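Structural description and commentary
Take a look at the letters that make up each chain.
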Amino acid sequence: MHAMYQKFDAEERSMANQVLIEWALSDSEKVRFDALVLINDFHIVSAIPALRELAIRLESTNTPGAPYELKKVERIIRNLDEQAKKNHA
């Protein structure tokens, strides 16, 4: 998926980013995992609101992996916040 995303032009990336944001909010942990990797690796700052929504949802989830996924999501949010600050500096 990385190689395909890298080949996208600006318009295609914009559309792909929207799909990844939707995937980040998926009920499927596997789909979310793929989305989170790409969002983090490609610094998709527009995903921050969805990631915050996901973090809130994970806080109240009782699945065994939820605490670990929450930590990952919080780390990604911090990384993206830092990236956004660099872009506006």
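Residues numbered from 1 in each chain as written. Predicted model: local features only at pLDDT ≥ 70, side-chain atom pairs only at ≥ 80, totals over all residues. Heavy atoms only, no water.

So, on to unusual backbone geometry. The backbone phi angle of His 43 is positive, close to 50°, even though this residue is not glycine. Tracing the chain through its elements places His 43 in the loop between helix 3 (29-41) and helix 4 (48-59). (Helix = DSSP H or I, 4+ residues; strand = E, 2+ residues; numbered from the N terminus.)

The contact between helix 3 and helix 5 (residues 66-88) brings their axes to 10 Å, and the two run at 25°. Relative to helix 5, the element helix 3 lies roughly parallel. Like other packed secondary-structure pairs, helix 3 and helix 5 cross with a definite hand, here left-handed. Residue-level contacts link Glu 29, Arg 32, Phe 33, Leu 36, Ile 39 and Asn 40 of helix 3 to Glu 69, Lys 72, Val 73, Arg 75, Ile 76, Asn 79 and Leu 80 of helix 5. (Axes fitted to C-alpha atoms, helices over the stretch in contact; angles between N-to-C directions. Parallel < 35°, antiparallel > 145°, perpendicular 65-115°, else oblique. Left-handed = near helix turned anticlockwise from the far one by under 90°. Contact = heavy atoms within 4.5 Å.)

Our focus in this paragraph is helix 2 (residues 10-24). Under the 1.5 Å per step criterion, the end-to-end length of helix 2 is 21 Å for 15 residues, consistent within 8% with the ideal 21 Å. Within helix 2 the residues assigned to the buried category are Ala 16, Asn 17, Leu 20, Ile 21 and Ala 24. For helix 2, the angular spread of the buried residues around the axis is 145°, confining them to a single face. What points out from helix 2, more than 90 degrees from its buried face, is the exposed set Glu 11, Met 15 and Glu 22. Tucked into the core, helix 2 has its buried residues touching helix 1 (2-7), helix 3 and helix 4. (Expected span 1.5 Å × (residues − 1). Buried < 20%, exposed > 50% of the residue type's maximum accessible area, 1.4 Å probe, protein only. Arc of directions from axis to C-beta.)

With that out of the way, let us pick up the environment of Asn 87. You can see Asn 87 is positioned in helix 5. For the pair Asn 87 and Ala 24, spaced 63 residues apart in sequence, the C-alpha separation works out to 23 Å.

Time to look at the nonpolar core. One finds Leu 20, Ile 39, Ile 44, Leu 51 and Val 73 to be the most contacted residues of the largest nonpolar core, which totals 24 residues. Among the elements of the structure, helix 2, helix 3, helix 4 and helix 5 are those that each provide at least two residues to this core. Among all residues touching Val 73, those that are not within four sequence positions of it are Leu 36, Leu 51, Leu 54, Ala 55 and Leu 58. (Core = buried A, V, L, I, M, F, W, Y, C linked by side-chain atoms within 4.5 Å.)

This brings us to the pattern of salt bridges. Note on pairing: side chains with opposite charge can pair once their charged atoms come close. Evaluation of the coordinates by the stated rule reveals 2 salt bridges. Note that Glu 69 is salt-bridged to Arg 32, the shortest N-O span being 2.7 Å. On the criterion of sequence distance, the pair formed by Glu 69 in helix 5 and Arg 32 in helix 3 is long-range, its members being 37 residues apart. You'll find Glu 69 and Arg 32 in the same group, each marked buried. When the shortest N-O distance is used, the salt bridge between Arg 52 and Asp 81 registers 3.2 Å. A residue pair is termed long-range when its members are at least 10 positions apart, and Arg 52 in helix 4 and Asp 81 in helix 5 qualify at 29 residues. With a relative accessible area of 25%, Asp 81 lands in the partly exposed category. (Salt bridge = Lys/Arg side-chain N within 4 Å of Asp/Glu carboxyl O.)

All we've got here are geometric facts, nothing functional implied.
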